[in-house]
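Here is how the chains run, residue by residue.
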Amino acid sequence: MSESNERPVDAVSADDGGADVEDRRLLADDEMVATAVDAGADVDLDGAGVGDDDDADDDDADDDDGPGDVAGDGRTQGIGRLEREGDIAADYLEELLDIADFDGDIDLDVENDRAMVSIVGTGLGNLVGQRGATLDALQELTRLAVLRATGERSRLMLDIAGTRARRKEQLHQVGTEAAERARSDGEPVRMDPMTPFERKVVHDAVAAAGLRSESDGVEPNRRVVVYPS
């Protein structure tokens, strides 16, 4: 079941001094990232640090919804809970966007038993950061906001300007090609270090190709190894 809606976000009006607006924006970016990193150090929402999203050989620690969410009234209650998570996250992100003076829309959805929150618009690159570092920090900070409001750990996914969606498509192809190479060569394929989000996508692609993969190493050099059988 998937339900989505869109919430407009109006940025705070800029002063006449362009330099002052830019200074406030840069300061807000730094404060948001610093706060997210501090929050991740104090509250490890996923048991593996900021941005850790369902690495395959971590026993799918995030996939812990109980059997009550599977069907019937339990399923309805599960959807309602996820929709509430999305609303809390949207309210929180609206405030952050106002502080940082960014324009954008917030889309809410429920997919694969998790809340999906997307910020869409132009000029949002500073909220993504290098290799998605700022995006990961904002996702962790948003999850913490949901935890504080509900008392329950959140598995919500945050995307900004379609960054994760595009990266998922690329990584799925990378994982499929690695599986084909492992199958043809008969040897394990060790991939470059990836973030937990990236590894999860590759694990899924390898599994879809009918092969087995595991993660090896320690962050930030943890990587996927694809086995021929």
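Please refer to the structure placed before this passage.
Thresholds, definitions, all that
Residues numbered from 1 in each chain as written. Predicted model: local features only at pLDDT ≥ 70, side-chain atom pairs only at ≥ 80, totals over all residues. Heavy atoms only, no water. Axes fitted to C-alpha atoms, helices over the stretch in contact; angles between N-to-C directions. Helix = DSSP H or I, 4+ residues; strand = E, 2+ residues; numbered from the N terminus. Parallel < 35°, antiparallel > 145°, perpendicular 65-115°, else oblique. Left-handed = near helix turned anticlockwise from the far one by under 90°. Contact = heavy atoms within 4.5 Å. Buried < 20%, exposed > 50% of the residue type's maximum accessible area, 1.4 Å probe, protein only. Pairing = 2+ DSSP bridges. Right-handed = clockwise from strand over helix to strand, strands pointing away. Core = buried A, V, L, I, M, F, W, Y, C linked by side-chain atoms within 4.5 Å.

*Asks:* Before we go on, may I ask you to explain the packing of helix 4 (residues 163-185) against helix 5 (residues 196-208) in this structure?
*Replies:* Between two packed helices, both the angle of their axes relative to each other and the distance between the axes serve to describe the pair. Viewed as axis vectors pointing N to C, helix 4 and helix 5 meet at an angle of 45°, and their least axial separation amounts to 8 Å. For the element pair helix 4 / helix 5, the angle class is oblique. When you trace helix 4 past helix 5, the crossing you get is right-handed. Counting all contacts with helix 4, which are made through Arg-164, Arg-167, Lys-168, Leu-171, His-172, Gly-175 and Thr-176, the residues of helix 5 involved are Phe-197, Glu-198, Val-201, Val-202, Ala-205 and Val-206.

*Asks:* Just to check I follow, could you spell out the pairing of strand 4 (residues 157-160) for this structure?
*Replies:* Two faces, one strand: in a regular strand the side chains alternate between the faces of the sheet. What you see with strand 4 is no split at all: Met-157 and Asp-159 on one side and Leu-158 and Ile-160 on the other are buried throughout. Inspection of the sheet shows strand 3 (residues 114-120) paired to strand 4 by four bridges, in the parallel sense. Looking at the pairing, Val-117 lines up with Leu-158 of strand 4. Traced from strand 3 through helix 3 (residues 133-150) to strand 4, the parallel crossover comes out right-handed.

*Asks:* Even after reading the chapter, I still don't get the sheet that holds strand 6 (residues 212-216), so can you show me in this structure?
*Replies:* Here we have three strands laid out as an open sheet, ordered 5-7-6, and antiparallel in their pairing. Each edge of the open sheet is held by one strand with a lone partner, namely strand 5 (189-193) and strand 6. The average undirected angle you get between the axes of adjacent strands in this sheet is 20°. Pairing analysis gives three bridges linking strand 5 to strand 7 (residues 223-227), with the strands arranged antiparallel. Across the sheet, Arg-190 pairs through a bridge with Val-225, a residue of strand 7. Its contacts with the sheet place helix 4 against strand 5 and strand 7, and it is angled at close to 150° to strand 5.

*Asks:* Sorry if this is basic, but what is going on with the nonpolar core here?
*Replies:* Across soluble globular proteins, you tend to see nonpolar side chains buried next to one another. Of all hydrophobic cores here, the largest spans 23 residues; its most connected members are Ile-106, Val-117, Ile-119, Leu-158 and Ile-160. The element contributing the most residues to this core is helix 2 (residues 72-100), with seven residues. One finds Met-157, Met-191, Met-194 and Val-202 within the second-largest nonpolar core, a separate group that totals 15 residues.

*Asks:* How should I be thinking about unusual backbone geometry in this particular structure?
*Replies:* Most peptide bonds take the trans configuration, and most residues that are not glycine carry a negative phi. At the junction of Glu-219 and Pro-220, the peptide bond is cis and its omega measures out at 5° in the coordinates. One can find Pro-220 in the loop between strand 6 and strand 7. At Asp-101, a residue that is not glycine, the phi angle is positive and equals roughly 65°. Here Asp-101 shows up in the loop between helix 2 and strand 2 (104-111). One non-glycine residue, Ala-161, lies in the positive phi region at around 55°. Tracing the chain through its elements places Ala-161 in the loop between strand 4 and helix 4.

*Asks:* Would you explain the environment of Val-189 in this entry?
*Replies:* Examined against the element boundaries, Val-189 turns out to sit in strand 5. Residue Val-189 is classed as buried on the basis of its relative accessible area of 7%. Linking Val-189 and Val-226, residues 37 residues apart in sequence, is a C-alpha distance of 5.0 Å. Leaving out residues up to four positions away in the same chain, Val-189 has contacts with Ala-178, Arg-181, Ala-182, Val-224, Val-225 and Val-226.

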